[in-house]
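Geometric and topological summary
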Amino acid sequence: MTIERTLAGVLERATQTMPAALVTGPRQSGKTTLLRTMFGATHRYVSLELPHVRERAAADPVGFLADYPAPVIFDEIQQVPALLSYLQSAIDEDRRPGRWLLSGSQSFPLLEGASQSLAGRVAILHLLPLSWSEIRDQARPGEDVEDQLDRIFAARPSGPTPKVPKVPLAHWLVRGGYPELWRNPGLDHELWLGSYLQTYLERDVRSVLGVRDLGTFQTFLRLAAARNGQILNLVDLARDLGVSPPTVRQWLSVLEASHQIVLLRPHFENFGKRLIKSPKLYWLDTGVAAFLLGTSESGALAGPTAGALFESAVVAELVKLFRHRGRPPGLWFWRSRDGVEVDLLVERRGRLHPIEIKATASPRPAHAEAVVRWRTWAGTAGGEGLVICRAEDASSLVPGVRVLPWHHL
C-alpha cells in the first residue's frame, strides 16, 4: 500500500528549481519510499547503508561520483558526510534542477555539512512520521500552510465536515505514525517499536555520541518520555539520571536532531507579564512515547499519561503541518510568572492564535479561560482562539474561541 505524503508537493517544486534536494527525518519515516516512488523511474538509486558502497565512496569520492552520475538518489548520505564537499563541484558543473536527490537520518551533522558545502544548491526538507491526514488518506500536497491554517481556524471549514474516524484515538496514540505500522495493520506495534528503539540506540546514539553505557541512555529516554508535555528542567533531569546537566543537554540535542522530540520555545513578547525561558518537551511520535512509558491502548485516554499523550499528538500534528510543507514551525507556548499558560501560539497571516489542548470530550467555557486572558493581553496582535479536544463536533465555546475536534486536524 502506498501512502500519499504531503511533502511530495514541496519536493516536486524543489526539484523543478534547485540542483539538489535533501530529505531528512527519523529512520523509517518513509524518506526512501518517497524518493523512489517519485523518482525511481528517472534517477538511479544508491544506498550508502551498504558497507561496500560506503567504503568505496569514502575511499575515492571523485571516482565514486563518476561511477554514479546524476540523475541519482543517494540514500543515507550521512554515512559519508565528506561526499557533500565533492558533490558541490559536481553540482556546479551542471546546475540543472532536480538531478541530485539525497536522504539522511541524522540531521545535526548532516545539515551542518549541507549548509557548509551545498549552500544555495540544495533544498532541505523534513519528512516526519505520518500525520493524521496521511493516515486517513486525506493529504493535500497542493495546499500551503496558510490554506491549512485557514481551514483549521475557519468558522465553518470548507468542504465536507470530517466525520468521527474509524481509527480510535487511543489506537492512534499508542501505534504512532511510522508508515510500516499502518501499511501492515497486523504488525505487532510493541515488537516493532522495541526493535526500532534498539536500532536507533545502536546506530544513531553510538555513532553520534559515542555512548558506551546504553543502559543509562535507555533510562534517559524513559525519563524524557515521562516529561512529555512538560517544561524542561535540565537540572532535575540530570539529578534523576545521575549525570551532569551538560550531558543531558547533549543527549537532548541528539533526540532533537534525530527528530524524536521537539523543544517548543516560549514566546517572548511581553504583554505585561514576565515569561519563563525554558522550552517544553514533546515527543513527535506518541507511539514511541507510549512504548517508553509502558502505556497500553486501554490506558492511553484514562491513565496518568493521557493528557500529555493527547497534547503531544496535537503539537506533533501542527509541527508536521509546517514541516511537510517546507516551512519551519511557527509555534510557541506562553506562560506567565503567575501561572497563566496557553499551550500553543500559532502564527497565521501575521497574527498569533492561542490554542488550548484538552483531553476532555466535554469542553466547557472554563477550558478557554487562559485563551481569553491571553487575547485580552495581546490586543490586536491576537487572533481567534481554539480549544482542541475530543469533542465530536466543532462549535463556538465563548466569543472569539471555538471548539475544534482533534480529528479535524
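Just so you know, these numbers come straight off a predicted model, no measurement behind them.

Following the criterion strictly, the structure yields 21 salt bridges and no others. In this structure, Lys280 and Glu341 form a salt bridge, with 2.7 Å as the shortest nitrogen-oxygen distance. Of this pair, Lys280 sits in strand S8 (residues 280–283) while Glu341 sits in strand S10 (residues 341–348), and the two are 61 residues apart along the sequence. In this structure, Arg335 and Glu341 form a salt bridge, with 3.7 Å as the shortest nitrogen-oxygen distance.

Right, let's talk about the packing of helix H1 (residues 7–15) against helix H2 (residues 31–39) for a bit. Two numbers describe how H1 lies on H2: the axes approach to 11 Å, and their chain directions differ by 55°. When the axes of H1 and H2 are compared, the pair comes out oblique. H1 and H2 meet at a crossing whose hand is right-handed. Together, Leu7, Ala8, Leu11, Glu12 and Thr15 of H1 and Leu34, Leu35, Met38 and Phe39 of H2 make up the contact between the two elements. Residue composition of the contact of H1 with H2, grouped by class: seven nonpolar, one polar and one charged.

Let us look at the sheet that holds strand S4 (residues 100–104). Strand order in the open sheet formed by five strands is S2-S3-S4-S1-S5, with parallel pairing between adjacent strands. Two strands close off the open sheet at either side, each with one partner strand: strand S2 (44–47) and strand S5 (122–126). Shown here is a sheet whose adjacent strand axes are inclined to one another by a mean of 15°, direction ignored. Examined bridge by bridge, strand S1 (residues 20–24) and S5 share five bridges and lie parallel to one another. For Val23, the partnering residue across the bridge sits in S5 and is Leu125.

Here we come to the confidence of the model for the chain. In this model, the chain carries a mean pLDDT of 88, and residues with pLDDT of at least 70 account for 89%. Predicted confidence is poor over residues 271–275, with pLDDT under 50, and the contacts of this stretch with residues over four places away or in other chains come to 17 contacts.

Before going further, it helps to spend a moment on unusual backbone geometry. For the bond running from Ala70 to Pro71, omega is 5°, close enough to zero to count as cis. Within the element layout of this structure, Pro71 appears in the loop between helix H4 (61–67) and strand S3 (72–75). Positioned with a positive phi, Gln28 is a non-glycine residue whose angle comes to about 70°. Mapped onto the elements, Gln28 comes out in the loop between S1 and H2. A residue is classified by how much of its surface remains accessible, and Gln28, at 48% relative accessible area, is partly exposed. One non-glycine residue with positive phi stands out, namely Glu76, at about 60°.

Moving on to the sheet that holds strand S12 (residues 385–389). The strand order across the open sheet built from six strands is S9-S10-S11-S12-S14-S13, with neighbouring strands paired in mixed fashion. Across the chains shown, the open sheet's two edge strands, defined by having one partner strand only, are strand S9 (331–335) and strand S13 (395–398). Between one strand and the next, the sheet's axes are offset by a mean angle of 35°, whatever the strand orientation. Pairing geometry for S10 and strand S11 (residues 351–357), over five bridges, is antiparallel. When the bridges of S11 are listed, Leu344 appears paired with Ile355. Helix-sheet contacts for helix H8 (residues 145–153) involve S10, S11, S12 and strand S14 (401–405), and the interaxial angle to S10 is about 130°.

With that out of the way, let us pick up the side chain of Asp285. By the secondary structure assignment, Asp285 is in the loop between S8 and helix H15 (286–293). Among buried charged residues, Asp285 stands out as having no salt bridge; its nearest opposite-charge side chain is Lys320, 5.4 Å away. Within the structure, Asp285 has its side chain in polar contact with the backbone nitrogen of Gly287 (distance 3.1 Å).

Definitions and cut-offs
- Residues numbered from 1 in each chain as written.
- Predicted model: local features only at pLDDT ≥ 70, side-chain atom pairs only at ≥ 80, totals over all residues.
- Heavy atoms only, no water.
- Salt bridge = Lys/Arg side-chain N within 4 Å of Asp/Glu carboxyl O.
- Helix = DSSP H or I, 4+ residues; strand = E, 2+ residues; numbered from the N terminus.
- Axes fitted to C-alpha atoms, helices over the stretch in contact; angles between N-to-C directions.
- Parallel < 35°, antiparallel > 145°, perpendicular 65-115°, else oblique.
- Left-handed = near helix turned anticlockwise from the far one by under 90°.
- Contact = heavy atoms within 4.5 Å.
- Nonpolar A, V, L, I, M, F, W, Y, C, P; charged D, E, K, R; others polar.
- Pairing = 2+ DSSP bridges.
- pLDDT = per-residue confidence, 0-100.
- Buried < 20%, exposed > 50% of the residue type's maximum accessible area, 1.4 Å probe, protein only.
- Lys, Arg positive; Asp, Glu negative; His and termini not counted.
- Polar contact = N/O pair within 3.5 Å; in protein donor to acceptor, adjacent residues only side chain to side chain.

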